[in-house]
Amino acid sequence: ETGVTQSPTHLIKTRGQQVTLRCSSQSGHNTVSWYQQALGQGPQFIFQYYREEENGRGNFPPRFSGLQFPNYSSELNVNALELDDSALYLCASSFETYEQYFGPGTRLTVT
Amino acid sequence: GQNIDQPTEMTATEGAIVQINCTYQTSGFNGLFWYQQHAGEAPTFLSYNVLDGLEEKGRFSSFLSRSKGYSYLLLKELQMKDSASYLCAVRDLNDYKLSFGAGTTVTVRA
């Protein structure tokens, strides 16, 4: 186990709703990255937070937003959910730019 | 951006060796990672290469050639528990994000 935790484990939402996913980073880590993994695909980078500031963003629309808190935990918010947002959402923590350790993920289903 | 290619599937026999290739095209390179992902679970870190050459870690080895944009992961003495997806990921020079390939599903047969 990596020490990275995510909640909830599974979530079912309706199209158009909003969702907040949470991540607690491993002790000593100050950087959190979020990824979306569709079935049968590799993870796609959403954004990264370093010391509470966004430090890079992938090709995702503005309805995907995030926060990092002083204790380095993080939230991913998705507004106006679409069916294609159904995926496994992975959080990864690291110290600075060293190797990233992934949490167990949140499986989001949008109906 | 990054373009990362790896085979979709590979099958091998218990006790054998399998080599998973990964080729990449990148606008800025700052290291290549290999992760293992069992079905329904999170990726777990296997190896990291930033300089050319071979890194060995027990039954797993990873090789990098930056001039060729090429890496491979070598799995020796295969065990049934090695059946999983293996993800190649390249770290970007500018913002340190990881760009992943689609993964190679390895099936180990008895």
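Scroll up a little and you will see the structure.
Visitor: I'm lost on the nonpolar core in this one. Help?
Guide: Nonpolar side chains in soluble globular proteins generally cluster together in the buried interior. By size, the foremost hydrophobic cluster in this structure holds 21 residues, and its most contacted members are I20, Y24, L32, W34, L73, L75 and Y86 of chain B. Listed by contribution, the elements that provide at least two residues to this core are β3 (18-26), β4 (29-37), β7 (60-65), β8 (70-75), β9 (84-92) and β11 (104-109) of chain B. Excluding anything up to four places from it in sequence, L73 of chain B contacts V18, Q19, I20, W34, L46, S47, S61, S62 and Y86 of chain B. Formed by 20 residues, the second largest nonpolar core is a distinct cluster that contains C23, I46, L76 and L81 of chain A.

Visitor: For this particular structure, what's the right way to read the pattern of salt bridges?
Guide: Side chains bearing opposite charge may pair, as long as their charged atoms lie close to each other. This model, assessed by the stated rule, comprises eight salt bridges over all chains. For E75 of chain A, the salt bridge goes to R22 of chain A, with nearest N and O atoms at 3.5 Å. You can see E75 of chain A sitting in strand β8 (residues 74-78) and its partner R22 of chain A sitting in strand β3 (residues 19-24), a full 53 residues away along the chain. Overall, R22 of chain A belongs to the partly exposed group, its relative accessible area being 42%. For K76 of chain B, the salt bridge goes to E56 of chain B, with nearest N and O atoms at 3.6 Å. Residue K76 of chain B is found in the loop between β8 and β9, and its partner E56 of chain B is found in strand β6 (residues 53-57); the two are separated by 20 residues along the sequence. In the salt-bridge network here, residues are joined through shared partners; they are R63, E82 and D85 of chain A.

Visitor: What is the right way to read the state of the cysteines from this model?
Guide: All names here are of chain A. Scanning the model with the defined rule gives two disulfides over all chains in all. The disulfide partner of C23 is C91, and the S-S distance across this bridge is 1.7 Å. Taking the sign of the S-S torsion, about -40° here, the bridge from C23 to C91 comes out left-handed. Taken together, the residues span a long stretch of sequence, with C23 in strand β3 and C91 in strand β9 (residues 87-94) at a distance of 68 residues. Across this residue pair, the class does not change: C23 and C91 are buried.

Visitor: Where do I start with the environment of K68 of chain B in this structure?
Guide: Relative to the helices and strands, K68 of chain B is located in the loop between β7 and β8. Note: C-alpha distance between K68 of chain B and Q25 of chain B (43 residues apart in sequence) is 9.3 Å.

Visitor: What exactly am I supposed to notice about the interface of chain A and chain B here?
Guide: Facing 20 residues of chain A, the contacting portion of chain B comprises 15 residues. Across the interface of chain A and chain B, roughly 1,500 Å² is buried in total on both sides, 58% from carbon and sulfur atoms. Three residues, T97, E99 and F102 of chain A, lead the burial of chain A against chain B; their summed loss comes to 31% of the area buried on that side. Where chain A packs against chain B, one counts zero salt bridges. Sorting the residues of the side of chain A that touches chain B by element identifies β4 (31-37), β5 (44-50), β6 (53-57), β9 and β10 (101-102) of chain A as the ones contributing at least two each.

Basis of the calculations
- Residues numbered from 1 in each chain as written.
- Chains lettered and ligands numbered in written order.
- Predicted model: local features only at pLDDT ≥ 70, side-chain atom pairs only at ≥ 80, totals over all residues.
- Heavy atoms only, no water.
- Core = buried A, V, L, I, M, F, W, Y, C linked by side-chain atoms within 4.5 Å.
- Buried < 20%, exposed > 50% of the residue type's maximum accessible area, 1.4 Å probe, protein only.
- Helix = DSSP H or I, 4+ residues; strand = E, 2+ residues; numbered from the N terminus.
- Contact = heavy atoms within 4.5 Å.
- Salt bridge = Lys/Arg side-chain N within 4 Å of Asp/Glu carboxyl O.
- Disulfide = S-S within 2.5 Å.
- Buried area = accessible area lost by both parts, 1.4 Å probe.

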